[in-house]
Amino acid sequence: MLRPSVAKISSRAVPALTRPASAAATATATASAPKVSKKEGDISDAFVSLSGAQRDPLPDRFRRLKCDLVRGREAEIVESWTRLLRQLRKENDYIAEKGSDVIPQVDFADLESGCEKLQGEIKKRGALVVRGVIPEAEARAYKEEVEEYVRKNPHTRAFPPNDPQVYELYWSGPQLKARSHPSLLRVQRHLMSFLWHTSSPSAQISLTNPLTYADRLRIRQPGDASFALGPHIDGGSVERWEPGGYGLGGVYDRVLAGDWEGYDPWDASGRVAAVSNLYDGLGACSMFRMWQGWMSMSRAGPGEGTLLVNPLMHMATAYVLLRPFFTAVDASKKGAAFLDEGNWAFAGVDGMTSDLQGASPGHGQELTDELHPHLELARTMVHVPNIKPGDFVAWHCDTIHSVDKVHAGKSDSSVLYIPVCPVTDINAAYVARQRAAFRAGTPGPDFPGGEGESRHVGRPSEEALRGWTDGAGRQAFGLERLAVRDAALPGEREVVERANGILGF
């Protein structure tokens, strides 16, 4: 076992990991390149566990990549890993005791001051619930409207096909109305800017102009056990370690240099250039989603087909990134003895494998107790609190999340998936392609292909959407020129002007 070194890493300078030159240009070119039309499919295609596919071993290039990532900083990484395991042990106990009570909640009527009061907890937990964003009756009516839309279009694809729970719908009236709702846009603007920040005034990002990402919807019925999506992280998987993925922006450099405490998950600067979808998977997200989220169309409580999160986003991210470099000394040990840092050794060059636990190209990052034992997922994945129609649930893009294995409630658990996306070059290029898909009635670029809703009876027109929303909503959909703030920093002004050019304005 490699013993920890007493050397410290400067908080002012972290060794730069090798990555291609001109990262931003490379990232934008990758995201903007023409895509081959995708095959038809559903949400199960995005995850190995849901699709029933075999998780094949990663090729040897990933072993070489892992060796390159840690070479010359082995001792610092061992020290960092040891500190992380000790801290996780304490925090896991706290989470297991508190459960859902650790998830911050604010009222929409008190959005700004409520978030300010809970800023520390939101920052630590990486998740929150915003109550009453859309009036309850209006949000519940969305669900009924979706069901009517499906009744008129029985050829709608869904998962599973014989008992639909997640629909391949992107352009239904409720989805368009919710995404463009002034109250939700206000929430998105606030969530982009009150914790997220940039470490450089020249960072090519706008934290004040939300862009729309057209995702699916869920109407999960009582008793369902098919949509048993376990703990996972979206936004790619192997890309987190690859120099041409998140490495383009140096997103996780501090973690991979042995300073996980110095890693700032709320700094958007590096994520501007990062590429999260190198393999063009079915449902693998290409846009930078600062927050993932959903708008509820139903009442749901813990165990009733709802969301669970691991509310230790910062530490859990560091653990997922470092886990592939360590192995158990004695795998036969149980409980605390197995998890003890003394039972885990740095693999070293000779013992390094290609494995990136739970990561497969073209799929989301999945996690299990077996692969990620120190996260103690069985007791640290906690339900979001009781939810009403019109509540918005948001979680940081790196937060581990899952859904109930079984919907044990007595009524539907229904949500519209709506993330929070800023203006970047990559995001603007995606919205331009997505706008064309909206006009054609086909799924957005990230999602399974086919005719989608192009033949659907009652699919709303662009004219209808323009009438439902205001200027901010039309801007979010790429239907009007994005506004530039008078007080915009140089980087923000440049990227918004460039985005307008990408969108044809």
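Residues numbered from 1 in each chain as written. Predicted model: local features only at pLDDT ≥ 70, side-chain atom pairs only at ≥ 80, totals over all residues. Heavy atoms only, no water.

- In the annotation of an unreviewed UniProt entry, the protein is listed under the name DNA ligase and assigned to Purpureocillium lavendulum.

## Describing the nonpolar core
For step 1, the next point in the chain: Counting 68 residues, the largest nonpolar core has Leu84, Trp241, Trp294, Phe325, Phe326, Leu375 and Val393 as its most contacted members.
For step 2, the next point in the chain: Leu128, Ile134, Tyr149 and Tyr167 belong to the second-largest nonpolar core, a separate cluster that totals 45 residues. (Core = buried A, V, L, I, M, F, W, Y, C linked by side-chain atoms within 4.5 Å. Buried < 20%, exposed > 50% of the residue type's maximum accessible area, 1.4 Å probe, protein only.)

## Quick look at the sheet that holds strand S14 (residues 392-396)
For step 1, the next point in the chain: With mixed pairing, the eight strands of this open sheet are ordered in space as S1-S2-S14-S8-S16-S6-S4-S3. Single-partner strands in this sheet number two, and they are strand S1 (105-107) and strand S3 (158-159).
For step 2, the next point in the chain: Where S3 lies against strand S4 (residues 166-167), two bridges are found, and the strand directions are antiparallel. Residue pairing for S4: phenylalanine 159 is matched across the bridge by valine 166.
For step 3, the next point in the chain: This element, helix H9 (residues 182-193), spans strand S2 (127-131), strand S8 (291-296) and S14 of the sheet and lies at about 25° to S14. (Pairing = 2+ DSSP bridges. Helix = DSSP H or I, 4+ residues; strand = E, 2+ residues; numbered from the N terminus. Contact = heavy atoms within 4.5 Å. Axes fitted to C-alpha atoms, helices over the stretch in contact; angles between N-to-C directions.)

## Looking at the pattern of salt bridges
For step 1, the next point in the chain: In total, this model carries 32 salt bridges according to the counting rule given.
For step 2, the next point in the chain: For aspartate 60, the salt bridge goes to arginine 63, with nearest N and O atoms at 2.7 Å. On the criterion of helical spacing, the pair formed by aspartate 60 and arginine 63 is a turn pair, its members being three residues apart in helix H3 (residues 60-70).
For step 3, the next point in the chain: We classify aspartate 60 as partly exposed; its relative accessible area is 37%.
For step 4, the next point in the chain: Of the residues examined, arginine 63 reaches a relative accessible area of 26% and is grouped as partly exposed.
For step 5, the next point in the chain: Glutamate 121 serves as the salt-bridge partner of arginine 125, at 3.2 Å between the closest nitrogen and oxygen. Of this pair, arginine 125 and glutamate 121 both sit in helix H6 (residues 119-125), four residues apart, which is roughly one turn of that helix.
For step 6, the next point in the chain: With a relative accessible area of 1%, arginine 125 lands in the buried category. (Salt bridge = Lys/Arg side-chain N within 4 Å of Asp/Glu carboxyl O.)

## Structural notes on H9
For step 1, the next point in the chain: For H9, built from twelve residues, the straight-helix expectation of 16 Å at 1.5 Å per residue is met to within 8% by its first-to-last C-alpha distance of 17 Å.
For step 2, the next point in the chain: Where H9 is concerned, the buried positions are Ser183, Leu184, Leu185, Val187, Gln188, His190, Leu191 and Met192. (Expected span 1.5 Å × (residues − 1).)

## Quick word on the confidence of the model for the protein
For step 1, the next point in the chain: For the protein, per-residue confidence averages 92 on the pLDDT scale, and residues scoring 70 or more make up 90% of the total.
For step 2, the next point in the chain: Overall, residues 1-16 carries pLDDT values under 50, and its contacts beyond four positions in sequence, including any with other chains, amount to 29 contacts.
For step 3, the next point in the chain: Segment residues 19-23: pLDDT under 50, and eleven contacts once partners within four positions in sequence are set aside and those in other chains are kept. (pLDDT = per-residue confidence, 0-100.)

## A few points about the packing of aromatic side chains
For any two aromatic rings, the description comes down to two numbers: the centre-to-centre distance and the angle of the planes.
For step 1, the next point in the chain: Tallied over the full model, the rule gives 15 aromatic pairs.
For step 2, the next point in the chain: With centroids separated by 5.4 Å and ring planes inclined at 35°, the aromatic side chains of tyrosine 246 and tyrosine 252 adopt a geometry described as tilted.
For step 3, the next point in the chain: One aromatic cluster in this structure is built from Trp81, Tyr319, Phe326, Phe338, Trp344 and Phe346.
For step 4, the next point in the chain: The ring of phenylalanine 325 carries the charged tip of lysine 66 above its face, separated from the ring centre by 5.9 Å. (Phe/Tyr/Trp six-rings, centres within 6.5 Å; stacked < 30°, edge-to-face > 60°. Lys NZ or Arg CZ within 6 Å of the ring centre and 35° of its normal.)

## Comments concerning the environment of valine 384
For step 1, the next point in the chain: Mapped onto the elements of the fold, valine 384 is located in the loop between strand S13 (382-383) and S14.
For step 2, the next point in the chain: Sequence separation between valine 384 and proline 302 is 82 residues; the distance between their C-alpha atoms is 6.9 Å.
For step 3, the next point in the chain: Setting aside residues up to four positions removed in sequence, valine 384 forms contacts with Ser100, Pro302, Thr306, Leu307 and Val393.

## Structural notes on the pairing of strand S16 (residues 413-417)
For step 1, the next point in the chain: For S16, a buried count of five out of five residues is recorded, marking the element as mostly surrounded by other parts of the structure.
For step 2, the next point in the chain: Residues Ser413, Val415 and Tyr417 point to one face of S16 and Ser414 and Leu416 to the other, with burial holding for every one of them.
For step 3, the next point in the chain: As paired strands, strand S6 (residues 217-220) and S16 are joined by four bridges and run antiparallel to one another. Considered in S16, the bridge of isoleucine 219 is made with serine 414.
For step 4, the next point in the chain: Here S8 runs beside S16; their pairing, made up of three bridges, is antiparallel. Paired with tryptophan 294 across the two strands is tyrosine 417, which belongs to S16.

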